[in-house]
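Residue-level listing of the chains:
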There are 2 protein chains.
Amino acid sequence: MPADQLRRTRIQDLLTSTDLNREVLVKGWVRTRRGNKYVQFIALNDGSGLATLQVVADAEKFPEESLKEVTTGSCVAVRGLLVPSQGKGQAVEVQASSIEVLGTADPEAYPLQKKATSLEHLREIAHLRPRTNTFGAVLRIRHALAFAVHDYFNRHGFYYVHTPIITGSDAEGAGQMFRVTTLPPEHPPRTEDGSVDFSEDFFGKQTNLTVSGQLEGELAAMALGQVYTFGPTFRAENSNTARHLAEFWMIEPEMAFYDLQDNMDLAEDFLQSLVRYALEHCAADLQFLNDTYDKELLERLRSITDNAFQRLTYTEAVEILKSAKKKFEFPVDWGTDLQSEHERYLVEKHFKKPVILTNYPKEIKAFYMKLDEDGRTVRAMDVLFPGIGEIIGGSQREEDLGKLEGRMAEMHVPTDELWWYLDTRRFGTAPHSGFGLGFERLVLFVTGMTNIRDVIPFPRFPKNAEF
Amino acid sequence: MPADQLRRTRIQDLLTSTDLNREVLVKGWVRTRRGNKYVQFIALNDGSGLATLQVVADAEKFPEESLKEVTTGSCVAVRGLLVPSQGKGQAVEVQASSIEVLGTADPEAYPLQKKATSLEHLREIAHLRPRTNTFGAVLRIRHALAFAVHDYFNRHGFYYVHTPIITGSDAEGAGQMFRVTTLPPEHPPRTEDGSVDFSEDFFGKQTNLTVSGQLEGELAAMALGQVYTFGPTFRAENSNTARHLAEFWMIEPEMAFYDLQDNMDLAEDFLQSLVRYALEHCAADLQFLNDTYDKELLERLRSITDNAFQRLTYTEAVEILKSAKKKFEFPVDWGTDLQSEHERYLVEKHFKKPVILTNYPKEIKAFYMKLDEDGRTVRAMDVLFPGIGEIIGGSQREEDLGKLEGRMAEMHVPTDELWWYLDTRRFGTAPHSGFGLGFERLVLFVTGMTNIRDVIPFPRFPKNAEF
């Protein structure tokens with residue numbers, strides 16, 4: 001094949017190739033160039049994986065002057081011979097026959113030089129940080145986890161449903177909402193009494209960004225059996241923490257005919273499968289994060305796949321916490337919501353494995369959860385993970401129309417706005433269950449990163465919607 | 001195994017089972033009940049597939065009185081023996097030994113009775129329509145196509161990136177945008193000159209819902225090589241048509257080192273793969289839609305997988321249209337944008353197969369498309385499908401910083417807002433390409449439905465954000 005017909009090979013594929021001593025064409029970005037007056041070594045990365053390809057440029061063919069634009073961050077196309085590597089650290093390398101600079105990167109201006117840049121600073125240049133080892137690894141793992149989610153559900157007969165992002169209801173009460181509008185902000189139309197006339201807004205009423213697809217997911221489960229959502233959700237909370245985002249992705253399976261036991265079985269198998277998938281498909285990226293940021297990462301991931309989760313009721317957990325020797329900042333008593341310190345004590349100190357807590361007091365849980373026979377607790381479940389706390393929250397849903405309406409009245413949830421939700425209980429109701437997994441929480445756990453702003457490409461938080 | 005330990009089997013799995021004469025437990029919704037004084041036949045569906053399971057209830061065991069709540073739409077759990085079917089239309093049936101009603105559906109109130117309900121009316125009850133054959137089929141096909149998208153890209157080394165939904169830029173100009181805000185609508189804070197003070201808004205400036213993830217996708221491609229987005233996008237256009245939604249899902253791959261030719265090859269292979277996947281995995285649902293709505297559906301789908309797409313330039317297409325015998329409503333001349341009637345003439349009459357048009361006049365395309373050498377056209381490509389018109393729009397991107405800035409100035413796109421986008425051309429720029437596929441357009445094509453509001457679970461359009 002003539003050289004100009006040669007097709008590019010991805011570096012990841014070259015590095016594992018056993019078909020050596022052939023001409024190849026690679027394209028990518030220069031991570032480093034070093035060498036001496038006899039030979040220059042260019043470390044090339046094209047994003048296909050963590051590892052770089054070593055390109056060897058002989059000084060006879062490539063005098064240093066000819067490589068002056070081959071600097072960190074520049075983009076080059078290299079033709080050459082794929083050969084066994086002479087050096088350590090890689091099996092193969094490319095002996096360059098031609099090097100074409102596709103795009104330069106002025107060393108005075110390009111921010112990602114060889115020296116390490118702090119994660120804080122990289123957040124300011126989120127448009128470039130995917131070019132670093134760390135964010136390349138995080139984003140590849142994020143991809144793998146997202147694919148594993150779809151693959152798991154597809155294999156298990158769940159249907160993916162796209163629940164609406166813009167919603168006319170704000171009834172779920174899961175959090176503060178962003179308003180979506182096309183009304184002119186300066187002088188919105190007003191009704192006779194002077195209030196803003198939302199009947200003139202795009203949707204003819206006030207609309208918001210969704211905080212959860214669960215209610216619509218339940219509608220779909222009552223028709224398709226097992227469904228899941230995987231989409232963006234939003235919270236307009238003024239939380240400037242390492243754990244909160246204003247925009248994040250959520251996975252919400254919902255299953256007809258599942259009781260709380262089935263729900264726990266699914267949540268445990270699902271989480272173990274996702275972590276196992278990452279361990280199997282992201283070995284190099286996980287090893288890098290383990291070595292660079294968190295020496296216990298791989299061990300912690302294996303602790304998820306290797307242990308059955310501990311299951312106990314909220315009431316049992318409160319007893320354990322009350323008799324614990326540890327002094328907690330927040331006192332525990334039956335009826336109080338558990339704090340992160342309590343959850344982490346149970347997971348990290350007491351049981352030393354993931355925990356599923358069930359049957360919480362109804363007062364601290366949502367209106368749609370199924371009442372237990374005692375009338376005091378509901379069939380809720382929270383899955384608690386080491387270092388993370390709650391990673392999944394779910395429940396069996398209240399399928400009885402009368403009981404659900406009673407709970408909604410008690411909790412001041414307007415039944416008229418949710419007429420369509422109540423219809424599922426009015427027509428062919430069935431026991432059903434579901435849960436929500438915050439995708440970034442999962443990525444945080446699997447990558448071992450500590451700030452949630454570092455596991456989503458372009459984080460949204462108070463005063464920040466850059467890029 | 002004692003009967004109360006028996007686990008539910010999905011109907012789809014039972015219908016294809018060869019392990020007969022065993023006790024099974026099925027749960028689902030009653031589609032119909034009919035029969036005589038000796039025997040009753042219940043058609044049961046649990047959403048796992050289109051087909052219903054026939055449950056046979058012998059009158060000796062189940063006097064008609066005992067089945068009075070087993071009406072259309074009710075939810076039942078049935079135990080019985082799985083046996084070869086005596087009747088036509090199914091291989092197996094269940095001889096019921098017990099029938100438990102989990103949820104009733106008052107025949108006076110339940111809207112989905114046996115008689116056909118119009119698609120228009122079903123839009124009003126979108127919370128129940130997934131229980132119909134039509135919407136069950138559409139939603140299962142939608143799921144299959146979404147999975148096929150992820151599977152295709154994962155197999156081909158593309159990474160899924162979640163680009164932001166809330167954006168601080170409105171620079172792309174792809175359409176009118178929804179504003180996202182937490183400012184009080186009645187009395188927003190104002191600056192000294194009386195205008196609304198967006199520095200007090202949640203993100204410290206005016207923000208909108210994204211119209212495309214492309215620009216952020218390009219950032220990721222310049223690091224990870226090949227990426228794709230698959231997320232919701234929004235248009236605040238007051239279009240009350242069968243082709244427009246205010247909220248829809250978009251797939252946008254973006255590839256470093258791809259030129260226009262590579263881009264076309266990818267688009268063609270991608271679309272053919274998706275249609276082939278649906279033909280292979282959704283045979284029963286597609287057959288139903290073919291038989292019920294559109295007798296040419298399957299043939300049209302096979303025309304996609306069996307034909308190479310016709311590729312030609314915009315200029316060549318204009319020549320064909322100008323010499324066509326057909327009278328068009330809108331006249332064609334070089335430089336005008338093609339209308340739906342022109343696109344469909346090319347696809348359905350002239351070439352009788354999918355068409356890829358390339359190299360459009362720069363004036364009718366976006367600022368980021370790569371200029372051709374002639375300075376008049378850009379490396380755009382539109383993929384045109386029968387019955388649909390444009391299903392994909394894409395281009396090679398302008399990778400030259402100077403030329404891109406020139407185009408932005410000509411088209412009044414503010415460069416200061418897009419500093420981060422320009423940085424991709426400033427640092428290690430590379431030839432790259434990408435395209436956008438409107439997911440609902442694809443589902444519309446594959447299902448043969450004619451109104452886009454019928455291929456998304458909960459459509460958003462002017463004056464409608466119900467459910």
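Looking at an unreviewed UniProt entry, chain A carries the name Asparagine--tRNA ligase, with the source organism given as Hymenobacter setariae. Regarding chain A, the UniProt comment filed under Subcellular location (unreviewed entry) reads as follows: "Cytoplasm".

(A) How the structure looks around the packing of aromatic side chains. Counted according to the given criterion, the structure contains 53 aromatic pairs over all chains. Consider the rings of Phe309(A) and Phe385(A), whose centres lie 5.9 Å apart with planes at 80 degrees: the pair is edge-to-face. Here Phe309(A), found in the loop between helix H7 (297–306) and strand E12 (310–313), pairs with Phe385(A), found in strand E14 (residues 377–385); they are 76 residues apart in sequence, far enough to count as distant. An angle of 50 degrees between the planes, with centres 6.0 Å apart, marks the rings of Phe458(B) and Phe467(B) as tilted. For the pair Phe458(B) and Phe467(B), a shared accessibility class is recorded, and that class is buried.

(B) Structural view of the pairing of strand E16 (residues 432–438) of chain A. Residues and elements named next belong to chain A. Among the 7 residues that make up E16, 7 are buried, leaving the element largely enclosed by the rest of the structure. Residues of E16 alternate between two faces, with His 432, Gly 434, Gly 436 and Gly 438 on one and Ser 433, Phe 435 and Leu 437 on the opposite face, all of them buried. Judged from the 5 bridges that link them, strand E11 (residues 247–256) and E16 form a sheet pairing that is antiparallel. Bridge pairing links Met 250 to Gly 438 in E16.

(C) Molecular detail of the interface of chain A and chain B. On the side of chain B, 117 residues touch chain A, which itself brings 117 residues to the contact. Here chain A meets chain B over a buried area of about 9200 Å², counting both sides, of which 61% is carbon and sulfur. Three residues stand out in chain A for area buried against chain B, namely His162(A), Phe257(A) and Phe427(A), and they jointly supply 9% of the buried area on that side. Across the contact surface, chain A and chain B share 4 salt bridges.

(D) Region of the structure containing the relation of the copies chain A and chain B. Least-squares fitting of chain A to chain B yields an RMSD of 0.0 Å, with the transformation described by 0.0 Å of translation along the axis and a rotation of 180 degrees. The operation mapping one copy onto its partner corresponds to a two-fold rotation axis. Of the C-alpha atoms belonging to chain A, the one lying closest to the rotation axis is found on Val180(A), 2.4 Å away.

(E) Inspection of the pairing of strand E13 (residues 355–361) of chain B at higher detail. Residues and elements named next belong to chain B. Here E13 lies mainly inside the structure; 7 of its 7 residues are buried. Here strand E12 (residues 310–313) runs beside E13; their pairing, made up of 4 bridges, is parallel. Pairing of Leu 312 across the sheet is with Leu 357, part of E13.

(F) Highlighting unusual backbone geometry. With a phi close to 55 degrees, Asn359(A) is a non-glycine residue in the positive phi region. One can find Asn359(A) in strand E13 (residues 355–361).

(G) The arrangement of the packing of helix H10 (residues 401–410) of chain A against helix H11 (residues 419–426) of chain A in detail. All names here are of chain A. Between H10 and H11, the shortest axis-to-axis distance is 9 Å and the interhelical angle comes to 150 degrees. The angle between H10 and H11 places the two elements in the roughly antiparallel class. Note on element contacts: H11 touches H10 through Tyr 421, Leu 422, Arg 425 and Arg 426, opposite Leu 401, Leu 404, Glu 405 and Met 408. In terms of residue class, the contact of H10 with H11 is built from 5 nonpolar, no polar and 3 charged.

(H) Fine view of the pattern of salt bridges. Evaluation of the coordinates by the stated rule reveals 54 salt bridges over all chains. The salt bridge involving Asp13(B) is made with Arg10(B); its shortest N-O contact spans 3.9 Å. The partner of Arg140(B) in a salt bridge is Asp285(B), with the nearest N and O atoms 2.9 Å apart. In this pair, Arg140(B) is assigned in helix H3 (residues 133–155) and Asp285(B) in helix H6 (residues 283–292), connecting sequence segments 145 residues apart. The exposure class of Arg140(B) is buried, given its relative accessible area of 6%. Note on Asp285(B): relative accessible area 7%, which makes it buried. Within this structure, Arg123(A), Arg129(A) and Asp454(A) form a network of salt bridges that share partners.

(I) Looking closely at the sheet that holds E12(B). All names here are of chain B. Strand order in the open sheet formed by 8 strands is E6-E10-E11-E16-E15-E14-E13-E12, with mixed pairing between adjacent strands. A strand with exactly one partner marks an edge of an open sheet, and here the two such strands are strand E6 (159–160) and E12. With respect to the sheet, H3 is in contact with E6, strand E10 (226–234) and strand E11 (247–256), its orientation differing from that of E10 by roughly 150 degrees. Lying on the sheet, helix H8 (residues 314–322) is in contact with E12 and E13; it crosses E12 at an angle near 95 degrees.

(J) Just the side chain of Asn45(B), in detail. By the element assignment, Asn45(B) lies in strand E2 (residues 39–45). A distance of 3.3 Å separates a polar atom in the side chain of Asn45(B) from the backbone oxygen of Leu50(B). A polar contact is formed between the side chain of Asn45(B) and the backbone oxygen of Ala51(B), at a distance of 3.4 Å. Every residue in contact with Asn45(B), bar those within four places of it in the chain, is listed here: Ala223(A), Ile11(B), Gly28(B), Trp29(B), Arg31(B), Leu50(B), Ala51(B) and Thr52(B).

(K) Quick look at the side chain of Asp197(A). Secondary-structure assignment places Asp197(A) in the loop between strand E8 (179–181) and strand E9 (207–209). No salt bridge is formed by the buried Asp197(A); the nearest opposite charge belongs to Lys463(B), separated by 8.2 Å. A polar contact of 2.6 Å, which involves the side chain of Asp197(A), links it to the side chain of Ser199(A). Setting aside its immediate chain neighbours within four residues, Asp197(A) contacts Leu183(A), Pro189(A), Arg190(A) and Thr191(A).

Cut-offs applied
All residue numbers here refer to positions counted from 1 along the written sequence of the relevant chain. The order in which chains are written sets their letters, starting at A; the order in which ligands are written sets their numbers, starting at 1. Only residues with pLDDT of at least 70 get local features here, since the model is predicted, and only at 80 or more are side-chain atom pairs given and counted; chain-wide, interface and lining totals rely on the full set of residues. In computing side-chain values, all of the structure's heavy atoms are included and hydrogens and water are not. UniProt positions are given in the numbering used here, feature names are shortened, and annotations may be inferred rather than shown by experiment. Aromatic rings from Phe, Tyr and Trp, with only the six-membered ring used for Trp, were paired whenever their centres fell within 6.5 Å, and each pair was classed as stacked if the ring planes differed by under 30 degrees, edge-to-face if by over 60, and tilted otherwise. Strands here mean DSSP runs of E at least two residues long; helices mean DSSP runs of H or I at least four residues long; both are numbered from the N terminus. Only protein chains enter the calculation, and the probe is 1.4 Å; a residue is then buried if its accessible area is under 20% of its type maximum, exposed if over 50%, and partly exposed in between. What makes two strands pair is DSSP finding at least two bridges between them. The contact criterion used is simple: two residues touch if any of their non-hydrogen atoms lie within 4.5 Å. Accessible surface is computed with a 1.4 Å probe, and the buried area is the amount of it that two parts give up when combined, taken over both parts together. Counted as salt bridges are all cases of a side-chain nitrogen of Lys or Arg within 4 Å of a carboxyl oxygen of Asp or Glu. The least-squares superposition of copies is restricted to C-alpha atoms, and to residues with a pLDDT of at least 70 in both copies. Whenever a helix is involved, its axis is fitted only over the stretch in contact; in every case the axis is a line through C-alpha atoms, and angles between N-to-C directions fall within 0 to 180 degrees. To sort the angles, those under 35 degrees are grouped as roughly parallel, those over 145 as roughly antiparallel, those from 65 to 115 as roughly perpendicular, and the leftovers as oblique. Polar here means any residue other than Ala, Val, Leu, Ile, Met, Phe, Trp, Tyr, Cys and Pro, which are nonpolar, and Asp, Glu, Lys and Arg, which are charged; Gly is therefore polar. For the purposes of these results, a polar contact is taken to be a pair of N or O atoms within 3.5 Å, where, inside protein, one atom must be able to donate a hydrogen and its partner to accept one; residues adjacent in sequence count only when each atom of the pair is a side-chain atom. Here Asp and Glu are counted as negative and Lys and Arg as positive; His is not counted, and neither are the chain ends.

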